[in-house]
Amino acid sequence: MASDAGRKQFWKRNVSRVPGSIQHVYGAQHPPFDPLLHGTLKPGSKPPTTPVKLKKVSTFQEFESNTSDAWDAGDDDDELLAMAAESLNTDVVMETAHRVIRNHSKLQERHKLQEGQVVEKESPPQIPDPPPAVCGDSRLVKSVSDSNTASSAEELRKLSWSGIPKPVRPITWKLLSGYLPANVDRREGTLQRKRKEYFAFVEQYYNSRNEEAHQATYRQIHMDIPRMSPEALIHQPKVTEIFERILFIWAIRHPASGYVQGINDLVTPFFVVFTCEYAEEEEVENFDVSSLPAEALQNIEADSFWCMSKLLDGIQDNYTFAQPGIQKKVKMLEELVSRIDEQVHRHLEQHEVKYLQFAFRWMNNLLTREVPLRCTIRLWDTYQSEPEGFSHFHLYVCAAFLVRWKKEILEEKDFQELLMFLQNLPTMHWENEDISVLLAEAYRLKFAFADAPNHYKR
């Protein structure tokens, strides 16, 4: 009984609602699609606000009548259903996630056929081609330029969920992270003030790196940076110098955690994206950063520091003493996987593989060491578009990521081989399309399990 009660508290985010209650799901207002582009809504039309006539309600009522443990009928059901109908179109959300997965499978099979491999398939449904990205890109560019209100900022998050075009990614990341204000007129002044503030910190603190109190911190940073990737970028002396300053200043200004291994990997995506503002090369990973003007390098450094700081503000308990945030998230991952794929979970248990042995790094480095840098950047487009993207939504991404390798995991019958596989997953050739499928599956899991502790209960 005690464990059941603990599990309910573990999954339940709002204790004022009973398990399984219809309520807002964090991030659900940013599904990875645009209803106008998918033809589910006509321009200018409004979603229905009277849930009584919706097929969705009857579907819910049928499900409610067949479920004995998760739902508690009450007088406020109509109110909750109306709230859900106004904020979510469940059928469209779930269909979008499935469509991304089906399109990906269809494309993979097409590639196999081109290579001469015959792939058998049972009457696949005819999936229409996805809408062209040009329209979505133009709307995103316009949203970046016109983000003066809370509603336009919300629209920016929706448009960014499915990926951000490279030309507007730097400014979009600054807006989504909260570094830049939505008001266009205040942006330039904010940039100048924050950049000046950062270099005031450098002047105040950086010379203390050789003092006895800070020598251990600086030494660890100095040792960790050469181990980072991509090597062609990180090993440039100018880049190493910039990373050392960013990490040391952050550690000095956050004594509750200080510097912890893993934080260094969180600088790289910001640094690469903001370098794209000034570099014309397609592959920034091989770009000679020292060829940029000094002012551009200073802007990249300051912007990277502030955006990394905004990210860490939401997950700082991952890096305090004993890293309790990571311990908790790994436990949550184990619980979630046991619900969504008991076969994988039992296989890991049977071979005595502990989740901490492979998932600690997933949480500590936010998957930056598990997928190529280009995929990390695409992943972070969505993380910054999701409320609590780097903390809460990341959990569901990790669960989808683990189950993605189910076939290979079940084939491993040895502890050492299984652990080595989980610590070195074959993602070298992954592209943005693979990340989009992963995110769609993570969104589906979050929609199914968030705030529903009794759903799919064993």
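See above for the structure.
All of these numbers come straight from a predicted model, not from anything done at the bench. Every residue gets a number counted from 1 within its own chain, in the order that chain's sequence is written. This being a predicted model, a pLDDT of at least 70 is required before a residue's local features are given, and a value of 80 or more before pairs of side-chain atoms are given or counted; all residues contribute to the totals for chains, interfaces and linings. Each side-chain value is derived from all of the structure's non-hydrogen atoms; neither hydrogens nor water enter the calculation.

(A) Focus on the overall build of the protein chain. Segments assigned H or I by DSSP are reported as helices when at least four residues long, segments assigned E as strands when at least two residues long, and all are numbered from the N terminus. On a plain count of helices and strands, the protein chain comes out with 22 helices and zero strands. Taken across its 458 residues, the protein chain has 48% of its residues classed as buried. The contact rule is simple, with two residues in contact once any of their heavy atoms fall within 4.5 Å. A sequence separation of at least 24 residues applies to 75% of the contacts in the protein chain between residues at least 6 apart. Relative accessibility under 20% of the residue-type maximum defines a buried residue, over 50% an exposed one, and the middle range a partly exposed one, all with a 1.4 Å probe and only protein chains included.

(B) Quick look at the pattern of salt bridges. By definition here, a salt bridge exists when the distance from a side-chain nitrogen of Lys or Arg to a carboxyl oxygen of Asp or Glu is within 4 Å. Overall, the coordinates contain 18 salt bridges when judged by the stated rule. Ionic pairing is found between arginine 245 and glutamate 301, a salt bridge with its closest N-O pair at 2.8 Å. Separated by 56 residues along the polypeptide, arginine 245 in helix α12 (residues 237–253) and glutamate 301 in helix α14 (residues 294–313) bring together distant segments of the chain. Classification of arginine 245 as buried rests on a relative accessible area of 13%. Here arginine 339 and glutamate 335 are joined by a salt bridge, their closest N and O atoms 3.1 Å apart.

(C) Representation of the environment of alanine 448 within the structure. Mapping alanine 448 onto the fold places it in helix α22 (residues 432–449). What makes alanine 448 buried here is its relative accessible area of 15%.

(D) Up close: the packing of helix α10 (residues 212–224) against α12. Lines fitted to C-alpha atoms define the axes here, with helix axes fitted over just the stretch in contact, and angles between the N-to-C directions of these axes take values from 0 to 180 degrees. Running from N to C, α10 and α12 point in directions that differ by 145°, and their axes come no closer than 10 Å. Our pair here, α10 against α12, has a crossing hand that is right-handed. Residues His214, Thr217, Tyr218, Ile221 and His222 of α10 form the contact with α12, whose participating residues are Glu244, Leu247, Phe248, Ala251 and Ile252. Across the contact of α10 with α12, the residue classes tally to six nonpolar, three polar and one charged. For a crossing to be left-handed, the near helix must be turned anticlockwise from the far one by less than a right angle; the clockwise case is right-handed. When residue character is reported, Ala, Val, Leu, Ile, Met, Phe, Trp, Tyr, Cys and Pro are called nonpolar, Asp, Glu, Lys and Arg charged, and the others, Gly included, polar.

(E) Up close: α14. The span expected for a helix works out to 1.5 Å for each residue beyond the first. Across its 20 residues, α14 extends 29 Å between first and last C-alpha, which sits within 8% of the 28 Å expected from 1.5 Å per residue. Judged by how many residues are buried, α14 sits mostly within the fold: 15 of 20 residues are covered.

(F) Structural view of the side chain of aspartate 434. Inspection of the secondary structure puts aspartate 434 in helix α22. His is not counted, nor are the chain ends, whereas Lys and Arg count as positive and Asp and Glu as negative. No salt bridge is formed by the buried aspartate 434; the nearest opposite charge belongs to arginine 404, separated by 5.3 Å. For aspartate 434, the side chain forms a polar contact with the main-chain nitrogen of glutamate 431, separated by 2.9 Å. N or O atoms within 3.5 Å of each other form a polar contact, as long as, within protein, one can give a hydrogen and the other can take it, and as long as residues adjacent in sequence are counted only when both atoms are side-chain atoms.

(G) View of the environment of glutamate 231. Of note, glutamate 231 is situated in helix α11 (residues 231–234). Sequence-wise, glutamate 231 and glutamate 285 are 54 residues apart; in three dimensions their C-alpha atoms are separated by 8.3 Å.

(H) Seen up close, unusual backbone geometry. With omega at 0°, the peptide bond leading from serine 229 into proline 230 counts as cis. Note that proline 230 resides in the loop between α10 and α11. Within the chain, alanine 322 stands out as a residue other than glycine whose phi angle is a positive 70°. Tracing the backbone shows alanine 322 in the loop between α14 and α15 (324–340). Take alanine 322: its relative accessible area is 51%, and that puts it in the exposed class. With a phi angle near 55°, glutamate 388 is a residue other than glycine that sits in the positive phi range. When you line up the elements, glutamate 388 lands in the loop between α18 (373–383) and α19 (389–403). Residue classification places glutamate 388 among the partly exposed residues on the basis of a relative accessible area of 38%.

(I) Molecular detail of helix α17 (residues 356–364). Regarding α17, the residues found buried are Phe358, Ala359, Trp362, Met363 and Asn364. The inward-facing, buried residues of α17 contact α15, α16 (342–350), α19 and α21 (415–423). Phi turns positive, to about 55°, at leucine 366, one or two residues after α17.

(J) Spotlight on the packing of helix α13 (residues 267–275) against α14. Between α13 and α14, whose axes approach to 9 Å, the crossing angle comes to 140°. The angle between α13 and α14 places the two elements in the oblique class. Relative to α14, α13 is oriented so that their crossing is right-handed. Here α13 contributes Val267, Phe270, Phe271, Phe274 and Thr275 to the contact with α14, which in turn contributes Ile300, Asp303, Ser304, Cys307, Met308 and Leu311. Roughly parallel refers to an angle under 35 degrees, roughly antiparallel to one over 145, roughly perpendicular to one between 65 and 115, and oblique to any angle outside these ranges.

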